[in-house]
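Below are the chains, spelled out letter by letter.
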Amino acid sequence: MATIGYPYTLPTTANVSFQEYFAPNANAQYQRPLSDATAFRGRLRTALKEHKHSDRHDFLNIQKAVEDYLPLVFGLVAGIESTELQLTSDVETTWRCTMSNVALSIKMPRIKNKSIHYEAIFTLLTLGYVLMDRANELSFTVQHKILIAIGDLSTYVGGYGDGTSMKGAGLASSLGNSTIGDGGGHDHGLNSTSIGSGGATKQGGVANATSRLFKKSSNTSSKAAKNSNTIGEFTDYLNDENLAGMDQQLTAAADLYCRAAGVFEYVVQEMIPRWNEFKPVVAVPVKDSSASNKKAGSETSRPVDVQTSVVSAHIRLALAEAHACTVRKASIKAARASAIKLSTSGSGTTAHYGGAISKTSYGLLAKLTVGVKEEYERAYGLLKAVKDQNEISTEFRTHVKDGKFYYEALAQVLLGMDAYEAQQYGKAIGFLTVARATFQALAKSSKSHTIAQSAAFEYRRTNERVIAFQKINDSVTFEKVPSAAELLGLMPSGRELLLVKRYQAPKPSFGAAAAAREGSADGGDDGVNKITYALEGAPITATGTTGGSTASAGVVGPTLTGALIAPVATSVGADVGTEVEEGKSSGSKTVVSADLTVAVVTAAAAAAAAAL
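Note that the structure is predicted; figures quoted are calculated from it, not measured.

Colleague: Would you explain the overall build of the chain in this entry?
Modeller: Assigned secondary structure in the chain consists of 17 helices and seven strands. For the chain, restricting intrachain contacts to residue pairs at least 6 apart in sequence, the fraction spanning at least 24 positions comes to 78%. For the chain, the computed accessible surface area is about 25000 Å², with 52% contributed by carbon and sulfur atoms.

Pasting the structure below:
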């Protein structure tokens with residue numbers, strides 16, 4: 001399965017000098033921090049401008065620029081809120097709003113706002129977008145490796161992270177000139193020979209769309225060759241080192257998605273409420289528009305980029321893609337285990353990455369994928385809460401809407417494979433046929449280029465399986481294929497696996513707020529901090545308490561009260577490949593056993609204490 005993270009366009013900003021907004025005599029002791037804030041903001045602006053105008057994107061450079069600037073921003077926010085810093089006029093900054101339709105319809109999509117909170121929120125959003133794009137880049141690197149291995153680069157477009165890098169390039173080349181759109185009937189007018197071959201002769205090398213994945217391997221064992229059920233898996237063309245590297249990249253991507261969700265959650269739970277409570281804010285576009293006539297102070301007067309519903313939708317998307325990465329890891333291992341089982345039948349060979357063949361059931365993977373689909377549904381519901389839907393970027397809304405159907409189809413594919421392994425061919429054909437129709441529709445008509453290209457690839461894999469299973473059913477099993485309505489009743493409920501990894505906001509770098517935190521539990525005891533950070537780890541769902549409140553891994557509180565969850569260094573979200581037992585589940589969330597939690601925490605605490 002291919003993940004479909006939204007390619008966030010990073011905002012840019014105009015120059016600003018903070019010294020202009022503060023009384024020089026009343027704030028004499030803060031002239032140096034104000035100068036530093038201006039300088040570090042200028043450095044961030046330069047990094048964003050270079051990113052916008054370059055084909056090569058250095059996300060780490062932008063992330064560092066944001067993180068260096070944030071302590072100064074928090075110092076400004078705290079100083080203005082407490083009136084420690086005396087203003088001569090409201091701080092006014094300008095940002096390009098990449099989530100707004102108005103931003104896409106005018107030549108200079110910059111929106112001014114007179115509030116330091118606007119500045120802080122957009123800086124945090126930029127950090128969240130960067131983390132999302134870094135995760136997307138890792139995820140798409142895995143997909144690129146798979147396409148190289150199977151000899152099919154026609155569904156991949158290089159580059160990522162500028163909001164346009166996945167555009168163009170051709171869905172036609174990925175499916176051939178005539179693979180989608182003219183047929184009807186049970187197979188939608190397609191067969192195993194038409195997949196990809198329609199455009200192969202007309203489009204040259206890159207359009208050689210019939211990859212090795214969709215052909216029978218000539219290297220299969222004689223026993224496998226006699227098995228008409230055999231379907232090529234991409235793991236057949238990847239060695240153990242490549243698969244291990246992909247596993248690590250997906251783990252890192254899932255962690256970045258969870259961190260991004262934490263940043264967005266901090267904006268929703270901390271910064272927007274502080275903005276609402278502080279003072280009315282007037283949003284004024286650089287060019288005159290109807291937005292200037294809206295009631296000042298209401299959240300609807302602000303750009304949709306900084307409205308609670310839209311930022312909350314980013315949280316759901318980040319968690320959805322984190323779940324998808326974890327499911328994808330397990331799916332790769334499942335495919336590898338199946339390939340090894342087939343290739344080593346009758347022999348004593350067990351060579352593979354990971355030491356032992358561990359295969360997560362397709363049924364469990366389907367439930368987790370339904371959970372991804374449900375996160376997209378929640379995100380779309382949040383976007384619908386925005387009063388004027390036309391203010392939200394059409395591309396973003398389309399991506400969220402189509403993402404729900406894409407992951408629903410992936411879940412149906414996994415349910416079909418689960419039925420196939422149980423030798424329920426009619427049920428398998430039914431699920432795969434429904435999924436194939438969805439992939440075909442998305443590949444043909446989705447306005448989200450990322451989803452359209454991923455759907456094109458999944459369509460071809462699913463179509464190959466439908467054809468193979470149909471041959472078996474027509475000649476051997478003769479099972480009835482359930483109707484779409486019957487299959488809908490068999491869809492399981494979703495299951496959650498990962499949680500938000502809480503964002504630890506930096507302390508203000510100057511002012512009374514910085515001094516106040518020096519002796520607090522958050523910042524005063526360096527030994528406590530070292531243990532806290534050592535124990536803060538990958539966001540697997542678990543139960544415990546920090547300071548009397550419920551906590552989860554990756555959401556570690558500021559003190560050591562209660563159970564702290566240790567990091568899982570090599571596997572984000574508790575490797576699904578180890579097969580989560582049904583009996584260890586509580587509700588819809590997978591729970592780590594208490595004995596394991598205590599053992600891991602004890603070991604990690606001892607190691608952290610020894611390092612002090």
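Colleague: Just checking my understanding: could you explain unusual backbone geometry for this structure?
Modeller: Excluding glycine, a negative phi dihedral is what most residues carry, and trans is how most peptide bonds are arranged. Of note in this structure, Thr83 is not a glycine but carries a positive phi near 60°. Here Thr83 lies in the loop between α2 (59-81) and β1 (92-96). Among the residues examined, Thr83 registers a relative accessible area of 59% and is labelled exposed. Positive phi is not limited to glycine here, since Gln423 has a value of about 60°. Within the secondary structure, Gln423 is located in the loop between α11 (394-421) and α12 (425-445).

Colleague: Got a minute to help me understand the environment of Arg45 in this structure?
Modeller: As for its placement among the helices and strands, Arg45 is situated in helix α1 (residues 31-52). Residue classification places Arg45 among the partly exposed residues on the basis of a relative accessible area of 22%. Here the alpha-carbon distance between Arg45 and Thr13, two residues 32 residues apart in the chain, equals 6.1 Å. What Arg45 contacts, discounting residues up to four positions off in sequence, is Thr13, Ala14 and Asn15.

Colleague: Can you help me understand the pattern of salt bridges in this one?
Modeller: Going through the model one piece at a time under the given rule, you end up with 14 salt bridges. For Asp68, the salt bridge is made with Arg43, and the minimal N-O distance between the two is 2.7 Å. Residue Asp68 is found in helix α2, and its partner Arg43 is found in helix α1; the two are separated by 25 residues along the sequence. Using a relative accessible area of 26% as the deciding quantity, one classes Asp68 as partly exposed. Residue classification places Arg43 among the partly exposed residues on the basis of a relative accessible area of 33%. The shortest N-O distance in the salt bridge between Asp68 and Lys64 comes to 2.9 Å. Taken together, the positions of Asp68 and Lys64, both in helix α2 and four residues apart, correspond to about one turn of that helix. Lys64 gets classed as partly exposed once you look at its relative accessible area, which sits at 45%.

Colleague: Explain the pairing of strand β2 (residues 110-114) to me, please; I cannot follow it from the model alone.
Modeller: As a general feature of sheets, a regular strand has side chains that alternate between the two faces. Residue alternation in β2 divides its side chains into a buried set, Ile111 and Asn113, and an unburied set, Arg110, Lys112 and Lys114. Summarising the sheet, β1 and β2 pair through five bridges and their orientation is antiparallel. When the sheet's bridge partners are listed, Thr93 is paired in β2 with Asn113.

Colleague: Whenever I open this one, the packing of aromatic side chains confuses me. Can you help?
Modeller: The geometry of an aromatic ring pair is captured by the separation of the ring centres together with the interplanar angle, meaning the angle of the planes. A complete count under the given rule lists 17 aromatic pairs for this structure. Through a chain of ring-to-ring contacts, three or more aromatic side chains come together here, namely Tyr6, Tyr8, Tyr129, Phe264 and Phe396.

Colleague: Looking at this model, I keep getting lost on the confidence of the model for the chain. Mind explaining?
Modeller: Low-pLDDT portions of the prediction should not be read for the details of their coordinates. With 63% of its residues at a pLDDT of 70 or more, the chain has an overall mean of 74. Predicted confidence is poor over residues 280-296, with pLDDT under 50, and the contacts of this stretch with residues over four places away or in other chains come to 34 contacts.

Colleague: So what exactly am I meant to see when it comes to helix α13 (residues 449-477) here?
Modeller: Over its 29 residues, α13 runs 39 Å from end to end, which matches the ideal 42 Å to within 8%, given 1.5 Å per residue. When you tally the buried positions in α13, you get 23 out of 29 residues, the bulk of the element. Downstream of α13 by a residue or two, Phe478 has a phi angle that is positive, lying close to 55°.

Colleague: Before we go on, may I ask you to explain the environment of Val481 in this structure?
Modeller: With respect to the helices, strands and loops of the structure, Val481 is situated in the loop between α13 and α14 (484-488). Its relative accessible area of 30% is what places Val481 among the partly exposed residues. Separated by 51 residues in sequence, Val481 and Gly430 place their C-alpha atoms 5.5 Å apart. Look past the residues within four positions of Val481 in its chain and what remains in contact with it is Gly426, Ile429, Gly430 and Asn473.

Colleague: Which parts of the structure should I look at to understand the side chain of Asp305?
Modeller: Here Asp305 shows up in the loop between β3 (283-285) and α9 (308-343). For Asp305, a relative accessible area of 0% gives the class buried. In terms of polar contacts, Asp305 uses its side chain to reach the backbone amide nitrogen of Met99, at 2.8 Å. In this structure, Asp305 is in contact with Cys97, Thr98, Met99, Ser100, Phe122, Leu125 and Val311, ignoring residues within four places of it in sequence.

So, how was this worked out
- Residues numbered from 1 in each chain as written.
- Predicted model: local features only at pLDDT ≥ 70, side-chain atom pairs only at ≥ 80, totals over all residues.
- Heavy atoms only, no water.
- Helix = DSSP H or I, 4+ residues; strand = E, 2+ residues; numbered from the N terminus.
- Contact = heavy atoms within 4.5 Å.
- Areas by Shrake-Rupley, 256 points an atom, 1.4 Å probe, with all protein chains shown as cover.
- Buried < 20%, exposed > 50% of the residue type's maximum accessible area, 1.4 Å probe, protein only.
- Salt bridge = Lys/Arg side-chain N within 4 Å of Asp/Glu carboxyl O.
- Pairing = 2+ DSSP bridges.
- Phe/Tyr/Trp six-rings, centres within 6.5 Å; stacked < 30°, edge-to-face > 60°.
- pLDDT = per-residue confidence, 0-100.
- Expected span 1.5 Å × (residues − 1).
- Polar contact = N/O pair within 3.5 Å; in protein donor to acceptor, adjacent residues only side chain to side chain.

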